[in-house]
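# Structural features, examined
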Amino acid sequence: MTDGRVAAVVVQVGLAVVCAPLLVGLLRVVRARLEGRSGPSVVQPWRDMRKLWTKERITPEHTSWIFTLTPLVLVSSTLVIAAIVPLATTASPLDHVGDLFVVVSVLLLGTVFLALAGLDPGTAFGGMGASREMTVAALAEPTLLLAVFAISGRADSSNLGAIVDATLHAPASVLSVQSLLALVALSIAALAECARLPVDNPSTHLELTMIHEAMVLEYAGPDLALVELTAAMRLLLFAALLVNLFVPWGIATTTEPAAILVGAVVLITKLAVVGVGLAGFEVFTAKIRLFRVPELLAVSFVVAFLAVTAAAFLG
Amino acid sequence: VTLAGTALGLASAAALVGCVAGFVLPRRSRVVVATLATALVGTGATAAGLGVLLTGDHVTARWPEILPLAGVTIDLDPLGAWFVLAAGAVIVPVAVYAYGYCDHALTGRAVQGLLPVFAATLVLVPAAGSMSTFLVLWELMAMSSLVLVAAEHGDRPAVRQATVWYGVMTQLGFVAILIAFGLAAAGTGHETFAAIRHDAPTLSAARASTIFVLALAGFGSKAGLVPLHVWLPRAHPEAPSHVSALMSGAMVSLGAYGVVRVAIDLLGGGPRWWGVLVLALGVASALFGILHALVASDLKVLLAYSTTENMGLVFVGIGAAVLLAAVHEPALAGVALAAALLWVLNHAVFKALLFLAAGSIARSTGTRDLDRLGGLMKRLPVTATMFTVGALAIAGLPPLNGFVSEWALFQTLVRAGGRPPDVLGLTMPMAVGAVALTAGLAAATFVKAIGTGMLAMPRSPEAERAVESPVPMLAGMSVLASACLVLGLVPGLLASGLGRAVRAAGGRGEPLGSGVAELRLAGARGVISPVLLAVALLVGLVLVLGVARALGGSRARRRAENWGCGRVLQTARMEYTAISFAEPLQRVFSDVLHPQHDIDVTHAAESRWYVEAVQYRASIADGIDERAYQPAVGALRWWGERARALQNGSVHRYLAYGFGALLVVLVVAR
């Protein structure tokens, strides 16, 4: 591994870690402004995390090693994804480690551990959150993989770097029918996977509605900080992945330091735009009932299926 | 005689010795010798399988004098060797486990004497080189496993019922296979596989298709494919756990072997609809199996339905291989078959592990009901951890072995979906969607199994008092858990052997790239490196720990009561149960599962406004069982009742029957 490649990994991972809470902060600020509130500062999620870091680590009784290990597995799996997916450069050194399927599976690894950690303390809330989370994850999985299927047609490969590279060389492929359908399907699945509106409301602790927050109720202190960081990084990674799969321009194709730097700056700009857009969307969206979520995911599945068949029949 | 041939011979000899010892020796030494013999069978099988896979040499032998008319023909090619290896990899740990598991109830002569025989038939069926040898071994396998399933018939009435179902289904399957083989032998005039393979192109298309459909029905019932799966969720849970592990890990795979051998190897593939049919059966079984596993709260029933699911996924791979060969994509067909074979091996390892762990849990708690378990991670730390490893592997999570085969199957289907004929463009996306949904539901199912069975607080006094199982059982499980990890990290080790197995079935080229660190598929351009992925995950883990330490997050943890939200104390009754965990998905799929609810409200005598008791019952029946099999059983029973009228005890009447029958025979045979 050359120095450039090491630098690329460090930049990508660093970017994901540093910017993820800021993206969440940006979402909150924009939402607050649109709702006529002044809202907290953009760096508030980082401040929260610093505060959590100084708190005591409290582990509930009855829990096993799974509860203790989960925050570490969560962060580590998300960091691996940050290193694999093309964030600032398509020449990610870990590109050969995994393709889009691997990214989906590693995400599922985190989801499964979090659900197990929700069940581990033996509280009703944790079990409820875990049950709902696995329901959503199980139904989002087919959409994710079918959308991957549709997009991988562009480069004849499921490796992310190759797909983004191919898109850079043939910009028209972004506007094809299958590509746009896949974008819609992926966006819905991404909202579900990131526990955003209309599937889950990250700013509520109402037992009737919460999914993600119910699972992490028993975490405290630094453990909670790690779980929160992972949730923010998931959002950033999905947003970055969507952006780079459909609007890849500006991303570096080499591991030259200057190009990576440009790529990083361009990505941050794109993410800011996506963040403002997502916040605007959330202001006008209500959370749907839990038992309507499968219908939403079924729609995304059908759209993804159409994308794939369009890819097969329209060429 | 090659090394592999010697190993196979030694395995057979060990089985004979073990069988005799099991029936002859006194109770205590019986268990030692029988499990030792079984372990030797497994060791011999592993050696023979590896020998053939690594060298590509066949093991052939022929003894015309053993069976009258046909003789015994052994011809172990790399395709069979793959299944022999899968069986051997399961048999050795199961034998070690059985040494600790077989307590008083399971030390009977038949149970001990037939265990090595069953193990040996699992190894020898894929080594059979002629139809007669195959059928004899197949039947011996069915019979020995039938006796083993019935081992605990004195303890639970459900065992007897399970045995009858298993016996009937396996014999019906045998009849289908027998007719298929008979048609093939009559059509070609030969009965050795080599000769039939050579003359198969002379078979008429209609006869070939009939052979294929009958073989698919017979072998599909052994593999537990929908709608022939009904024996599986009955027999696997009721058998002793080491037998369940052998049945679910190794025997069920032989159904897949039979279809590959007949459809792809002997008949050399067929028209497109063969592939589509196998694919459709596979998809239906995968979805049906995982949905029933999801809502099952009996741990072993859950695992049994999951076997139907996994075999369904194997058949998706086989169906894709047949279809791809039919549309002239031989390279991709080879990759699809490789994915299916890889899945067979991985399934053998993790399903055996899960059944062994379930047996260990059932033995120390006395229950298989997930809603009476819980808290086992503290009480049975090794067993529960082993179960967790197996469950994460079967859920297809990296870096364990289930992930590798899932990736290979997805890559193949996606690749095939981009190819020209419309039949691929339509079937492959559907298959990908179904397989992905299956994968998602499998994750939910096994989160349920771990989360309610192993974690949190014990839900019953039995679970509270559970103690860890003896060392041989833990050792057997550890071997399989390590195999899950090794096969997940370096699947490239088996690439050359897998390539030989696929080529033995008529495939071409090298389906899997042979790099140890990387896994790549011929024709599909995806590359992954499971071992680097695992290293990356581990580095990430260490990095996070290191940063946490450096930033001062190293203070000791404090154990405290759960966050209470105002309640006074935490009891196990507050936990989410297996049923409640699966409820949202059960509701989503209620059109398929048809859950039945009954609520009985008893009002107090004084006033109907006061409720005295509420009784709630919910059940989910197997729809196919309920709608297809129960009416058939009912009709048979009705005919049986009617037929009793024939038998009224009068000797005169019986003589008249005999006379009438004789007349009919004379008229017909004239």
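From a predicted model like this one, the values you see are computed outputs, not experimental measurements.

What counts, and where the lines are drawn
Residues numbered from 1 in each chain as written. Chains lettered and ligands numbered in written order. Predicted model: local features only at pLDDT ≥ 70, side-chain atom pairs only at ≥ 80, totals over all residues. Heavy atoms only, no water. Contact = heavy atoms within 4.5 Å. Buried area = accessible area lost by both parts, 1.4 Å probe. Salt bridge = Lys/Arg side-chain N within 4 Å of Asp/Glu carboxyl O. Polar contact = N/O pair within 3.5 Å; in protein donor to acceptor, adjacent residues only side chain to side chain. Helix = DSSP H or I, 4+ residues; strand = E, 2+ residues; numbered from the N terminus. Nonpolar A, V, L, I, M, F, W, Y, C, P; charged D, E, K, R; others polar. Pairing = 2+ DSSP bridges. Patch = residues over 30% accessible without salt bridge, like charges linked within 9 Å, V, L, I, M, F, W, Y side chains within 5 Å. Areas by Shrake-Rupley, 256 points an atom, 1.4 Å probe, with all protein chains shown as cover. 1 Å grid on protein atoms, 1.4 Å probe; cavity = no way out; pocket = protein on both sides within 12 Å on 5 of 7 lines; lining within 4 Å. Points joined across faces, edges and corners; volume = space filled by probe spheres on them. Core = buried A, V, L, I, M, F, W, Y, C linked by side-chain atoms within 4.5 Å. Buried < 20%, exposed > 50% of the residue type's maximum accessible area, 1.4 Å probe, protein only. Expected span 1.5 Å × (residues − 1). Phe/Tyr/Trp six-rings, centres within 6.5 Å; stacked < 30°, edge-to-face > 60°. Lys NZ or Arg CZ within 6 Å of the ring centre and 35° of its normal.

## Describing the interface of chain A and chain B
The interface is formed by 75 residues belonging to chain A together with 77 residues belonging to chain B. It is A:Trp53, A:Arg57 and A:Phe149 in chain A that bury the most area against chain B; as a group they hold 9% of the surface buried on that side. We note a salt bridge from A:Asp223 to B:Arg557, for which the minimum N-O separation is 2.9 Å. Linking chain A with chain B are 17 residue pairs in polar contact (both at pLDDT 80 or more). Secondary-structure elements contributing two or more residues to the side of chain A that touches chain B are strand E1 (58–60), helix H3 (65–84), helix H4 (100–119), helix H5 (124–152), helix H9 (221–246) and helix H11 (293–314) of chain A. Looking at which element gives the most residues to the side of chain A that touches chain B, the answer is H5(A), with 16 residues. A class-by-class count of the residues in the side of chain A that touches chain B yields 44 nonpolar, 21 polar and 10 charged. Sheet topology places E1(A) next to strand E5 (residues 558–560) of chain B; 3 bridges connect them, and they run parallel.

## A short note on a nonpolar patch on the surface
On the surface, a cluster of nonpolar side chains totalling about 480 Å² of accessible area is made up of B:Ile599, B:Val601, B:Val611, B:Val614 and B:Tyr616. In this fold, B:Ile599 is placed in strand E6 (residues 596–603).

## Examining empty space enclosed by the protein
All names here are of chain A. Summed over all chains, the structure comprises 11 cavities of 30 Å³ or more. By volume, the largest cavity is sized at about 150 Å³. For the largest cavity, the lining is made up of 13 residues, of which Leu100, Val103, Leu107, Phe238 and Leu241 are closest to its centre.

## Considerations on the nonpolar core
Residues and elements named next belong to chain B. The biggest cluster of nonpolar side chains holds 341 residues, and the ones touching the most others in it are Trp82, Phe134, Met247 and Ile318. Considering each element in turn, this core owes the most residues, 24 residues, to helix H14 (residues 330–365). Discounting chain neighbours no more than four positions away, the residues touching Phe134 are Val125, Ala128, Phe181, Phe193, Phe219 and Tyr257.

## Concerning unusual backbone geometry
Across the chain, the bulk of peptide bonds are trans and the bulk of non-glycine residues have phi less than zero. With an omega of 0 degrees, the peptide bond running from B:Val226 to B:Pro227 counts as cis. Relative to the assigned elements, B:Pro227 resides in the loop between helix H8 (205–223) and helix H9 (232–238). Residue B:Pro399 follows B:Pro398 across a cis peptide bond; omega there is 0 degrees. Mapped onto the elements, B:Pro399 comes out in the loop between helix H16 (381–394) and helix H17 (401–417). If you check the backbone angles, A:His62 has positive phi at about 70 degrees while not being a glycine. Note that A:His62 resides in the loop between E1 and H3. Non-glycine residue B:His328 carries a positive phi angle of around 65 degrees.

## Some words on the side chain of B:Glu575
Tracing the chain through its elements places B:Glu575 in the loop between E5 and helix H23 (578–588). From its side chain, B:Glu575 meets the backbone nitrogen of B:Met457 in a polar contact 2.7 Å long. In contact with B:Glu575, other than residues within four places in its own chain, are A:Gly122, B:Ala456, B:Met457 and B:Arg459.

## As for H4(A)
Spanning 20 residues, H4(A) covers 29 Å between terminal C-alpha atoms, matching the ideal 28 Å at 1.5 Å per step. By the criterion of burial, H4(A) is predominantly enclosed, with 20 of the 20 residues buried.

## Focus on the side chain of A:Thr143
Topologically, A:Thr143 is positioned in helix H5. Sequence-distant contacts of A:Thr143, defined by excluding residues within four places in its chain, comprise A:Ala185, A:Ala189, A:Leu297, A:Ser300, A:Phe301 and A:Ala304.

## Points about the packing of aromatic side chains
Aromatic ring pairs are defined here through the distance separating the ring centres and the angle between the ring planes. A full pass over the atoms with the stated rule returns 19 aromatic pairs over all chains. Both rings, one in B:Phe181 and one in B:Phe219, keep their centres 6.5 Å apart while their planes meet at 55 degrees; by these two values the pair is tilted. Residue B:Phe181 is found in helix H6 (residues 157–188), and its partner B:Phe219 is found in helix H8; the two are separated by 38 residues along the sequence. Of the two residues, B:Phe181 and B:Phe219, both sit in the buried class. Three or more aromatic residues joined by ring pairs make a cluster, and in this case those are B:Phe83, B:Phe134, B:Trp138, B:Phe181, B:Phe193, B:Phe219 and B:Tyr257. Against the face of B:Trp165 rests B:Arg234, its NZ or CZ located 3.9 Å from the ring centre. Over the ring of A:Phe291 we find B:Arg587, and its NZ or CZ is 4.0 Å from the ring centre.

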